[in-house]
Amino acid sequence: MKRMTWPTRVRTHRVRTYTAIVLAGALALGAGAQTGSAGAQPGGSEQQRARPGEVVSAEPASYGLLPGLLTKKTEGWRITYRSTGATGKANVVSGAVIVPKDGRTGPRPLVVFAPGTVGIADKCASSKGRLEAISLLFDRGIRRGWGFVMTDYEGLGTPGDHPYLVGPSEGHAVLDAARAAQQLPQAQKLGIGKGSDVAILGYSQGGHAAAWAAQLHRTYAPELKVRGTAAGGVPADLRKAFAYNNGKGGAGFAMMAAVGHDAAYPALGLDRSLTPEGRRLAKVARTGCSGEILDAMDGLRMESLVDPKAAPGGRLFDRPDWRARLTASDPGRTVPDHPVLLFEGTADELIPYDDVVRLHRTWSRTNPEVTFRRVPFGTHATTVLFAIGPVMKWMTQRLG
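All figures in this text were calculated on a predicted structure; none of them were measured in a lab. Along every chain, residues carry numbers that run from 1 in the direction the sequence is written. Only residues with pLDDT of 70 or above have their local features reported here, since the model is predicted, and side-chain atom pairs are shown and tallied only from 80 upward, although totals for entire chains, interfaces and linings are computed over all residues. To obtain the side-chain values, all non-hydrogen atoms of the structure were included, while hydrogens and water were left out.

A. Here's a closer look at the state of the cysteines. The disulfide definition used here is simple: a pair of cysteine sulfur atoms within 2.5 Å. Scanning the model with the defined rule gives one disulfide in all. Disulfide partner of Cys124: Cys289, at an S-S distance of 2.1 Å. Classification of the bridge connecting Cys124 and Cys289 rests on its S-S torsion, roughly -105°, and on that basis the disulfide is left-handed. Remark: Cys289 occurs in the loop between α10 (276-287) and α11 (290-297) and Cys124 occurs in the loop between β6 (110-114) and β7 (133-134); sequence separation between them is 165 residues. One exposure class covers both Cys124 and Cys289, and it is buried. Numbering of helices and strands runs from the N terminus, with a helix taken as a DSSP run of H or I at least four residues long and a strand as a DSSP run of E at least two residues long. With a 1.4 Å probe rolled over the protein chains alone, any residue whose accessible area is under 20% of its type maximum counts as buried; one over 50% counts as exposed, and the rest are partly exposed.

B. A look at the pairing of strand β11 (residues 340-345). Taken across its six residues, β11 has six buried, putting it largely inside the fold. Residues of β11 alternate between two faces, with Val340, Leu342 and Glu344 on one and Leu341, Phe343 and Gly345 on the opposite face, all of them buried. In this sheet, β11 lies alongside strand β10 (residues 225-232) in parallel orientation, the contact comprising four bridges. In the strand pairing of β11, Ala230 is matched with Leu341. Throughout, right-handed denotes a crossover for which the path from the first strand over the helix to the second runs clockwise when the strands point away from the viewer. In terms of handedness, the path from β11 via helix α13 (residues 353-364) over to strand β12 (residues 370-375) forms a crossover that is right-handed. A pair of strands is treated as paired once DSSP finds two or more bridges between them.

C. Summary view of the nonpolar core. Grouped together as the largest cluster of nonpolar side chains are 48 residues, with contacts concentrated most on Ile79, Val97 and Leu342. Whether two residues are in contact is decided by their heavy atoms, any of which lying within 4.5 Å being enough. Here Ile79 is in contact with Ser57, Ala58, Val93, Ser94, Gly95, Ala96, Val97, Val149, Ala180 and Leu184, once residues within four sequence places are set aside. For our purposes a nonpolar core is just a set of buried Ala, Val, Leu, Ile, Met, Phe, Trp, Tyr and Cys residues, chained together by side-chain atoms within 4.5 Å. In terms of nonpolar packing, the next biggest core, distinct from the first, is built from 34 residues, Ala257, Val259, Ile293 and Met297 among them.

D. Structural view of the packing of aromatic side chains. In this analysis, rings of Phe, Tyr and Trp, with Trp reduced to its six-membered ring, are considered paired at centre separations within 6.5 Å, and the interplanar angle assigns stacked below 30 degrees, edge-to-face beyond 60, and tilted for intermediate values. Scanning the entire structure with this criterion turns up five aromatic pairs. Their ring planes at 50° and their centres at 5.9 Å tell us that Phe317 and Trp322 sit as a pair that is tilted. Geometrically, the ring pair formed by Tyr353 and Phe372 is edge-to-face, given 6.0 Å between the ring centres and 70° between the ring planes. Of this pair, Tyr353 sits in helix α13 while Phe372 sits in strand β12, and the two are 19 residues apart along the sequence. Since its relative accessible area comes to 23%, Phe372 is described here as partly exposed. By way of ring pairs, the aromatic residues Phe242, Phe317 and Trp322 are connected into one cluster. Remark: a charge is flagged as sitting over a ring if the NZ atom of Lys or the CZ atom of Arg is within 6 Å of the ring centre and within 35 degrees of the ring normal. For Arg179, the ring lying beneath its charged end belongs to Tyr220, and the centroid distance is 4.9 Å. Lying over the aromatic face of Tyr265, Arg325 brings its terminal NZ or CZ to 3.8 Å of the ring centre.

E. Fine view of the packing of helix α8 (residues 252-264) against helix α12 (residues 320-328). The geometry of α8 relative to α12 is characterised by a closest axis approach of 11 Å and an angle of 95° between their N-to-C directions. Comparing the axis directions of α8 and α12 gives the class roughly perpendicular. Facing α8, whose interface residues are Ala258, His261 and Asp262, α12 presents Trp322, Arg325 and Leu326. Side-chain classes follow a simple rule in which Ala, Val, Leu, Ile, Met, Phe, Trp, Tyr, Cys and Pro form the nonpolar group, Asp, Glu, Lys and Arg form the charged group, and the remainder, Gly included, forms the polar group. A breakdown of the residues in the contact of α8 with α12 according to their chemical character gives three nonpolar, one polar and two charged. Axis lines are fitted through C-alpha atoms, for helices just across the contact stretch, and the angle between N-to-C directions can take any value from 0 to 180 degrees. Here roughly perpendicular refers to angles of 65 to 115 degrees, roughly parallel to angles under 35, roughly antiparallel to angles over 145, and oblique to all remaining angles.

F. Representation of the environment of Gly147 within the structure. Along the polypeptide, Gly147 turns up in strand β8 (residues 147-151). Contacts of Gly147, omitting those with residues within four sequence positions, involve Ile98, Val99, Pro100, Arg108, Pro109, Leu110, Val111 and Ile192.

G. Seen up close, the side chain of Ser57. Position of Ser57 relative to the elements: it lies in strand β3 (residues 55-64). By relative accessible area, which is 7% here, Ser57 ends up buried.

H. Region of interest: the pattern of salt bridges. A carboxyl oxygen of Asp or Glu within 4 Å of a side-chain nitrogen of Lys or Arg is what we treat as a salt bridge. A complete count under the given rule lists 16 salt bridges for this structure. Notably, a salt bridge pairs Asp197 with Arg227, separated by 3.0 Å at the nearest N-O pair. In this pair, Asp197 is assigned in strand β9 (residues 197-203) and Arg227 in strand β10, connecting sequence segments 30 residues apart. A salt bridge links Arg319 to Asp321; the shortest N-O distance between them is 2.9 Å. Judged by relative accessible area, which is 30%, Asp321 ranks as partly exposed.

I. Representation of the packing of helix α4 (residues 167-183) against helix α6 (residues 205-220) within the structure. Taken N-terminus to C-terminus, the directions of α4 and α6 make an angle of 75°; their axes are 7 Å apart at the nearest point. As the angle between them shows, α4 and α6 are arranged roughly perpendicular. Packed against α4, whose contacting residues are Gly167, Pro168, Glu170, Gly171, His172, Val174, Leu175, Asp176 and Arg179, the element α6 presents Gln205, His208, Ala209, Trp212, Ala213, Leu216, His217 and Tyr220 at the interface. For the contact of α4 with α6, the per-class residue count stands at eight nonpolar, six polar and three charged.

J. Quick look at the pairing of β9. Across the seven residues of β9, six count as buried, placing the element largely inside the fold. In this structure, β6 lies alongside β9, joined through five bridges in parallel fashion. Each bridged residue has a counterpart across the sheet, and for Phe113 the counterpart in β9 is Leu201.

Next comes the structure, spelled out in structure tokens:
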């Protein structure tokens, strides 16, 4: 799925990102008319009047399975839409809608695609078409006649820092993407209007976002007819995941999450808790895409970048305020109200397998329609490839 989240070795990051997990794809954007309000971030009373999922702007986009090979068999739009941040403040999020051009006139399923990690800077936004990648399952769904909407999440392609792995922000962005797609002027004609069946799909960071969307659905967007959520490679315990990768090729993801949580909760005071080198690397994370911070932090330990006066032993994530915020971003406290498929590889070198198993146990105690698929010998890169068939079958059973 897109850029692979948390590669084992940064020097193999780009190869594994664009070949092991996915076939590369592209969203080439064209000029288009604005719809709704202007594309700028709203403020003041306008924000208070805004409804989550309301379309702010839409412009034509084209989809292709391989870069430079656009297909005429789909229609697409890059959109911006209103959503809600982690603290309840209104914001604007960007994304993309892609629908098969297959002559279908009746309702069709709408799948919300939650991308994997791309970075924090606006230039990294998935919908902007910068070395984009679309999963094989995404393409198979298009061939089945499903419509797709993809979110960039808060702060990617719109003002502000991206609150990376901040659960409520991700979940809101995913659910509001579905609302936005259903509110496009063309939605009814394309078969994705209000009342169409919805599914949610994500892997790695996208799995985390999908899990959060699943558990927020009942209270945040109950009008959406969500028939199922498939979430793989879910970092279900952020502090454990960061410890798992500390001093390895995935060390940079802890810094990205620190920047992201500090963006959502400024009282955490990240910069004043870091050493000068830590602040330099935090700036790399804020201003670059994932490959840049992964390169810069390959093999580093997070505690070496933290001022010991700010946290004993440099263990920033053990400090009570940080521990509370990170723990609050872990999925699992609310049980989804619809079927969920969790899938995880037994050899995932980046996400602790047992944490995903634990999430399944937590949810399935109350909801027996939460199931788990174990992927034997699946690494973080290969799990999604091995799971494409079973996940596609599971989703087809719920969407048709």
